[in-house]
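Residues per chain, in single letters:
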Amino acid sequence: MNIKTRRTIRKYTQQPIPDELLNQLLEDAARTQTMGNLQLYSVVVTRDEEKKQKLASLHFNQPCATGAAVLLTVCADFRRTTDWCNQREATPGYDNMFGFLNAATDALLYTQTLCNLAEEEGLGVCYLGTTIYQPQDIIEALGLPQLVFPVATLTMGWPAEKPAQTERLPLEAFVHQETYQPYTAERIDTLYKAKEKARQNQKFVKENNKSTLAQVFADVRYTKKEFEALSQNMLCTLLQQGFLKTADLASPITPMIETRPEVLDCDVVRFQNQKEKWVAFVGLMDNQPYEIFTGLMDDEEGISLPKSVVRGRIIKHIDREGRKRYDFQFENKRGYKTTVEGLSEKFNPEYWNYAKLISGVLRYRMPLDHVIRLVGSLELDSDSINSWKTGVARALKKYIPGAAPEEEETSN
Ligand SMILES: Cc1cc2nc3c(=O)[nH]c(=O)nc-3n(C[C@H](O)[C@H](O)[C@H](O)COP(=O)(O)O)c2cc1C
């Protein structure tokens, strides 16, 4: 089978794959490109029926896994290279994310070459993405040491089916000449037209009770919830296998949240301090407070907003001289936008400076109960600043799960 006629095969005959043929394919596939010619991969061959069924269960008993002659688990492997270095008075430094990515790239290139060669021999293969769904269990079942991580599984056997070829997007969908071309709504319509029209895909939509093909993917097959949980699990397993350290987890996150996005969704929290009406704008990232601006709710000095406004956006502007300004924007019930410019200028400068400090603490994700305690412990002289302290604590409390909700003052 050549590349133009290939398809994934998920049903196999009982005919075994001779050892010599498999070994030849495994050896030839090693001719593929590899980083520094280090061959940062290993393959675990599973033929034993009992072991195969155990492994298939970790792939959710997909029929192609239970029925294949052989299962091949391809692993990103920096173990062997690391051991070699240690044995030859060289200091290896590959127990990190960059090491993992290079080993994973090597392993996947090897996997694909092996697929091509096997298909040329008339064998059928199916790639199992479920390898990285429960990697810990596969690691345990195959006895994989640190710095070895399973990234791909191939089920292999002689084809017992010849399914129709699946469709592909047209060339223009994924090839960009010289610079990347953005996907406008019109381009998306054009590029996905044939895919969405394909009979098989229309059937998917119907079977899943959805109205678009994209919904079949986003709501059913690969959901946000599942991907987020699998990502967390992936990070834990990378830690377990020595490709990540706990300290690494904090550092890539810090620069990401340190740079404030241009636009942040925000909640508007109103409250009363003694006789004064106050408002807080709580900028949110991942639904958690990221910054907070508070001040008097007042036409004269401060901000007055329609009662119905409880959410909006805080937009950061930087002028040509590099001065920052924060605007608050909300939409009324008809969808018209109103922008209140210069939150910083509307509020008392002293509150503004404290707000900057507290926002700094929030964006580094200090737990909210600690932030509230910190705000409460500030020893400040002026009465109005003491009101500010109470206000900030009140506004933040609502984001602590399980905390008793504060009475919100909504009258304007
Ligand atoms: C990363 C990846 C994960 C995949 N996971 C699975 C899988 O778990 N089960 C399966 O039956 N096919 C799996 N496949 C195969 C794809 O479904 C298949 O390649 C795709 O639908 C295109 O069909 P074709 O290979 O017949 O052209 C996977 C392929 C890739 C590249």
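Given the structure is predicted, the values throughout are model-derived calculations rather than measurements.

Caption draft 1: Inspection of unusual backbone geometry at higher detail. With a phi close to 50 degrees, asparagine 61 is a non-glycine residue in the positive phi region. Residue position: asparagine 61 is located in the loop between α2 (49–57) and α3 (63–67). Look at glutamate 178: it is not a glycine, yet its phi comes out positive at around 70 degrees. Examined against the element boundaries, glutamate 178 turns out to sit in the loop between α7 (171–174) and α8 (185–197). Judged by local crowding, glutamate 178 falls into the exposed class, with 5 C-beta atoms found within 10 Å.

Caption draft 2: Quick peek at the packing of helix α14 (residues 349–363) against helix α15 (residues 368–377). Running from N to C, α14 and α15 point in directions that differ by 160 degrees, and their axes come no closer than 10 Å. Looking at the two axes, α14 sits roughly antiparallel to α15. Handedness of the crossing formed by α14 with α15: right-handed. Touching Ile358, Val361 and Leu362 of α14 are Val371, Leu374 and Val375, all from α15.

Caption draft 3: Looking closely at the domain arrangement of the protein chain. Looking at the assigned domains, one finds that the protein chain contains domain 1 (19–157) and domain 2 (260–397). Here the C-alpha centroids of domain 1 and domain 2 sit 52 Å apart.

About the cut-offs
- Residues numbered from 1 in each chain as written.
- Predicted model: local features only at pLDDT ≥ 70, side-chain atom pairs only at ≥ 80, totals over all residues.
- Helix = DSSP H or I, 4+ residues; strand = E, 2+ residues; numbered from the N terminus.
- Buried ≥ 20, exposed ≤ 12 C-beta atoms within 10 Å, placed from the backbone.
- Axes fitted to C-alpha atoms, helices over the stretch in contact; angles between N-to-C directions.
- Parallel < 35°, antiparallel > 145°, perpendicular 65-115°, else oblique.
- Left-handed = near helix turned anticlockwise from the far one by under 90°.
- Contact = placed C-beta atoms within 7 Å.
- Domains from an automatic or database assignment.

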